[in-house]
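# Tertiary structure, described
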Amino acid sequence: MVDATSSHDDTVRVEDHAQLISLVRSAWQQTLGYDTPDIDSSFFDSGGDSFVLISLIGRMEKASGVTIRAVDVLRAPTMRKQAALLGRLMDKDRVAD
């Protein structure tokens, strides 16, 4: 199996990572109203604020089926980091089932 490693040394399969980036990109686009091409730009630098963040979290939760804490998204402000966060949360959710 081929792996991609995030900056936190969490392993995510490459094919899953692309899907997670797509999910997060879609949530950002729906929330901000435009597509942000750089997956390493901060949500806040791209026009988001704390109120918009709540909407973003709701969209990502609905699309992924996992519960996301605002503090975790604040610690992962870019699409790349949020995709890695979702991967970790989804893996935990699968293990708990």
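So, here's what we can say about the structure. (Residues numbered from 1 in each chain as written. Predicted model: local features only at pLDDT ≥ 70, side-chain atom pairs only at ≥ 80, totals over all residues. Heavy atoms only, no water.)

## Describing the packing of aromatic side chains
Taken as a whole, this structure holds 2 aromatic pairs when the rule is applied. Pairing Trp-28 with Phe-43 gives two aromatic rings, centres 5.2 Å apart and planes at 75°, and the pair type is edge-to-face. With Trp-28 in helix 1 (residues 14–32) and Phe-43 in the loop between helix 1 and helix 2 (50–64), this residue pair connects regions lying 15 residues apart in the sequence. Take Phe-43: its relative accessible area is 1%, and that puts it in the buried class. With centroids separated by 5.6 Å and ring planes inclined at 80°, the aromatic side chains of Phe-43 and Phe-44 adopt a geometry described as edge-to-face. (Phe/Tyr/Trp six-rings, centres within 6.5 Å; stacked < 30°, edge-to-face > 60°. Helix = DSSP H or I, 4+ residues; strand = E, 2+ residues; numbered from the N terminus. Buried < 20%, exposed > 50% of the residue type's maximum accessible area, 1.4 Å probe, protein only.)

## Focus: the side chain of Thr-31
Tracing the chain through its elements places Thr-31 in helix 1. At a separation of 2.7 Å, a polar atom in the side chain of Thr-31 contacts the main-chain carbonyl oxygen of Ala-27. Within the structure, Thr-31 has its side chain in polar contact with the side chain of Arg-59 (distance 3.4 Å). (Polar contact = N/O pair within 3.5 Å; in protein donor to acceptor, adjacent residues only side chain to side chain.)

## Describing the pattern of salt bridges
It is possible for side chains bearing opposite charge to pair when their charged atoms get close. Overall, the coordinates contain 3 salt bridges when judged by the stated rule. Between Asp-35 and Arg-25 there is a salt bridge, with the nearest N and O atoms lying 3.3 Å from each other. Of this pair, Asp-35 sits in the loop between helix 1 and helix 2 while Arg-25 sits in helix 1; the two residues are 10 residues apart in sequence, bridging distant segments of the chain. Of the charged contacts in the structure, one is a salt bridge between Asp-72 and Arg-69, with a shortest N-O distance of 3.0 Å. Residue class for Asp-72 comes out buried when judged on its relative accessible area of 15%. What makes Arg-69 partly exposed here is its relative accessible area of 48%. (Salt bridge = Lys/Arg side-chain N within 4 Å of Asp/Glu carboxyl O.)

## A closer look at the environment of Trp-28
Note on Trp-28: relative accessible area 0%, which makes it buried. For the pair formed by Trp-28 and Ser-46, sequence separation is 18 residues and the distance between their alpha carbons is 9.4 Å. Beyond its immediate sequence surroundings of up to four residues, Trp-28 is in contact with Gly-33, Tyr-34, Thr-36, Ser-41, Ser-42, Phe-43, Ser-46, Leu-56, Pro-77, Thr-78, Met-79 and Gln-82. (Contact = heavy atoms within 4.5 Å.)

## Some points on the side chain of Ser-41
Relative to the assigned elements, Ser-41 resides in the loop between helix 1 and helix 2. A polar atom in the side chain of Ser-41 sits 3.2 Å from the side chain of Asp-38. When sequence neighbours within four positions are dropped, the list of residues in contact with Ser-41 reads Trp-28, Thr-36, Ser-46, Pro-77, Thr-78 and Met-79.

In short, geometric facts, not functional conclusions.
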